[in-house]
Amino acid sequence: GIVITEDRCTATAVAKKAGVNGPMTSHTADCADCDFRINKRPSMDWPKGSMRPCYAYKGNYPAIVSSVRGGKTWLPENLEGTKEQISVWKKQEKELITGYIPQVEHTYAIYEAGYGIMNEHQLAIGESTCAAKLYAAPTIAGGKAILDVRELSQIALERTKTARDAIQTMGSLAEKYGYYSADWVSENDARMGEGGEALTVIDKTEAWVFHILPDDTGTTAVWAAQRVPDDHIAAVANQFVIREIDPASPDFMASSNIREVAIRTGLWKPQHAAELLNFVHTFGPPRAHSSYANRRVWRIFSLANPNLNLPADTNSYADDYPFSVPVARPLSAADIMALNRDHYEGTPFDLTKGLAAGPYGDPNRWDVSPVEGRSLEQMLQGGFERSIGLFRTSYSFVAESREAVPDWMSMMWFSQHAAFAASYVPLYLVAEDAPQEYRTGSLFKYDSSVAFWNFCAAGNYAARFYEYAMEDLRTLQRELETKAFKLRRKVEEESIIALSFIKDASSTGYTFAKGGFQEKLA
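Residues numbered from 1 in each chain as written. Predicted model: local features only at pLDDT ≥ 70, side-chain atom pairs only at ≥ 80, totals over all residues. Heavy atoms only, no water.

Undergrad: Help me understand the overall build of the protein chain, please; the structure alone is not making it clear to me.
TA: Helices and strands together make up the secondary structure of the protein chain, namely 13 helices and 21 strands. Over its C-alpha atoms the protein chain spans a radius of gyration of 22 Å, differing by no more than 12% from the 24 Å that the globule rule assigns to 522 residues. Seen along its three principal axes, the alpha-carbon backbone of the protein chain occupies a region of about 65 × 65 × 55 Å. Counting across all 522 residues of the protein chain, residues that qualify as buried make up 59%. Considering only residue pairs separated by 6 or more positions, the protein chain has 75% of its internal contacts joining residues 24 or more positions apart. When the accessible surface of the protein chain is split by element, carbon and sulfur atoms take 54% of a total near 21,000 Å². (Helix = DSSP H or I, 4+ residues; strand = E, 2+ residues; numbered from the N terminus. Rg over C-alpha atoms; globule rule 2.2 N^0.38 Å. Buried < 20%, exposed > 50% of the residue type's maximum accessible area, 1.4 Å probe, protein only. Contact = heavy atoms within 4.5 Å. Areas by Shrake-Rupley, 256 points an atom, 1.4 Å probe, with all protein chains shown as cover.)

Structure, rendered in structure tokens:
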């Protein structure tokens, strides 16, 4: 069956001048029981008139079962489990189809996991589920919508090369075919908690933040997007961050119905025709525990620019925080990896300190779940900090979009399980497939040949004696990732040189003088 999970992810968007090598985006897919596998889908040609099946969102294993999607991960024959389990899972290839949309004649090669990640043209997308005042269900659950954010992110990567085109494609399709929420089975308050979505979208020159939610009819979508200034970083942590939308500015995009839906539903009552709509105030509900989302944004901004002095505490809508902030210095992929591992170390909110951390500084805190007779809100009268680094991460990545290299070098840094206990590896779109260690396995069985389980074992042992064990783990991380950065530079430089012998060197159009390899080996 379908299990709706509170994934509650963190995503960043680093603009062109804010990144050492250009734009970057990251995503920590934080989910206790989600499918952690990655799929490499090759570029494909489709007969004219083909229709593309769209599948209902399903976080737990197997997230997708499809004989036609492309790649090996989602194939029915790649399922692992008992005969009874596999028999049930195979049925979802047809049972979870929400509808069909016209297929394009050619789709690009992409990496995808719980959501779309990156394509062969260096377009990359991060994700963070956001609370929204409106929510809707898919066709298979009595609703009218066909598309969710997972399908939209994958379709955008299949069909587009730039962030602007990706956003317009996702918005237009959602308006036409309907958009449904990540949670459509819970009670009203819980559904509101996962009613909307945010995507961080980058290409070789721009970084954007995209917000989307259903309209009140459940048949279409409301969406908006804002460009991140070139020397800035933006962050999304389960709460909308776009504020006043200026339709006259090229730095904004939005659905044509956004003002109409806001007024019709009573969510916005403008005082005059020229008043700008504030997206987060209009469509985002105030959080009872705003620090859950806002503290992570504060942490990212504070680490990116320590001179800002932003308040650690703010109101439910984080009105004290800007949409994005300038970075103090250009950030590297290693800097973003460090963000993904952060537990507020060195701040008043440090999860490695205090009674809850035990005698050895364990930063992991279990989530609170509703019990019979008491709602989640009733139980959350107190709580621990919610850090960026989390024990229940399924996978995380840092994607770089580098103008200084050819698109066939499109790559990302990928990891599974908790980032603090794992190492990141470079995955290239030009590769024939994703490594078997990252595209197999499940939570049903420990398997030492699966990357996730090795990282999980390391994290489990380290957490018991965190203060001391992490010294060895961090040393190994630095060794492995420093080696990976150096090997990446060597392999890519040699590839460019080899290419110049095949083609006239002047025709390649690529040079390393642009700073394409200014790595920070942190």
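Having seen the structure, we can now continue with the description.
Undergrad: Which parts of the structure should I look at to understand the environment of Pro-53?
TA: Position of Pro-53 among the secondary structure elements: in strand 5 (residues 51–55). Remark: the alpha-carbon pair of Pro-53 and Ser-66, spanning 13 residues in sequence, is separated by 9.5 Å. Apart from residues no more than four positions distant in its own chain, Pro-53 is found in contact with Val-68, Arg-69, Ile-97, Gly-99, Tyr-100 and Glu-151.

Undergrad: Can you walk me through the packing of helix 2 (residues 149–159) against helix 3 (residues 163–177) in this structure?
TA: How two helices pack is summed up by the angle between their axes together with the distance between the axes. Where helix 2 contacts helix 3, the two axes come as close as 9 Å, and the packing angle between them is 130°. Classified by the angle between their axes, helix 2 and helix 3 sit oblique to one another. The handedness of the crossing between helix 2 and helix 3 is right-handed. Touching Leu-152, Ser-153, Ile-155, Ala-156 and Arg-159 of helix 2 are Ala-166, Met-170, Leu-173 and Ala-174, all from helix 3. (Axes fitted to C-alpha atoms, helices over the stretch in contact; angles between N-to-C directions. Parallel < 35°, antiparallel > 145°, perpendicular 65-115°, else oblique. Left-handed = near helix turned anticlockwise from the far one by under 90°.)

Undergrad: Would you mind showing me how to read the state of the cysteines here?
TA: Simply put, disulfide is the name for a covalent bond between the sulfur atoms of two cysteines. Considering all chains together, one arrives at one disulfide under this definition. For Cys-31, the disulfide goes to Cys-34, at an S-S distance of 2.1 Å. Here Cys-31 and Cys-34 share a disulfide; its torsion about the S-S bond, 70°, makes the bridge right-handed. Judged by relative accessible area, Cys-31 falls into the buried class, the value being 4%. Free cysteine Cys-130: the closest other cysteine sulfur is in Cys-9, separated by 9.9 Å. (Disulfide = S-S within 2.5 Å.)

Undergrad: Explain the sheet that holds strand 20 (residues 411–416) to me, please; I cannot follow it from the model alone.
TA: Two pairing modes exist for strands in a sheet, parallel and antiparallel, and in both the strands are linked by backbone hydrogen bonds. If you walk across this open sheet you meet the seven strands as 18-14-1-2-19-20-21, and the pairing is antiparallel. One side of each edge strand has no neighbouring strand; the edge strands of this open sheet are strand 18 (324–326) and strand 21 (425–428). With strand direction ignored, the average angle separating the axes of adjacent strands in the sheet is 20°. Relative to strand 21, strand 20 is paired through four bridges, and the arrangement is antiparallel. Bridge pairing in strand 21 links Phe-414 to Val-425. The strands touched by helix 8 (residues 333–340) within the sheet are strand 1 (10–14), strand 2 (24–30), strand 19 (393–400) and strand 20, with strand 19 carrying the most contacts at an inclination of about 160°. Where helix 11 (residues 451–464) meets the sheet, it contacts strand 19 and strand 20, and its direction lies at approximately 55° from that of strand 20. (Pairing = 2+ DSSP bridges.)

Undergrad: Is there a simple way to think about the packing of aromatic side chains in this case?
TA: Across all of its chains, the model carries 21 aromatic pairs by this definition. Seen in terms of ring centroids, Tyr-61 and Trp-89 are 5.1 Å apart; in terms of plane orientation they differ by 80°. Their pairing is edge-to-face. Here Tyr-61, found in the loop between strand 5 and helix 1 (83–95), pairs with Trp-89, found in helix 1; they are 28 residues apart in sequence, far enough to count as distant. You'll find Tyr-61 and Trp-89 in the same group, each marked buried. An angle of 65° between the planes, with centres 4.3 Å apart, marks the rings of Tyr-360 and Phe-465 as edge-to-face. In this pair, Tyr-360 sits in the loop between helix 8 and helix 9 (376–379) while Phe-465 sits in the loop between helix 11 and helix 12 (466–502), placing the two residues 105 residues apart along the sequence. (Phe/Tyr/Trp six-rings, centres within 6.5 Å; stacked < 30°, edge-to-face > 60°.)

Undergrad: What exactly am I supposed to notice about helix 3 here?
TA: Because each turn of an α-helix spans 3.6 residues, side chains separated by three or four positions end up pointing in the same direction. The first and last C-alpha atoms of helix 3 sit 21 Å apart over 15 residues, in line with the 21 Å expected at 1.5 Å per residue. Every buried residue of helix 3 is listed here: Ala-163, Ala-166, Ile-167, Met-170, Gly-171, Leu-173, Ala-174 and Tyr-177. Buried residues of helix 3, seen end-on, are gathered within an arc of 165° and therefore sit on one face of the element. Structurally, helix 3 contributes buried residues whose contacts are with strand 6 (97–102), helix 2, strand 11 (196–202), strand 12 (207–214), strand 13 (221–227) and strand 16 (252–254). Looking at the residues trailing helix 3, positive phi occurs at Gly-178, about 90°. (Expected span 1.5 Å × (residues − 1). Arc of directions from axis to C-beta.)

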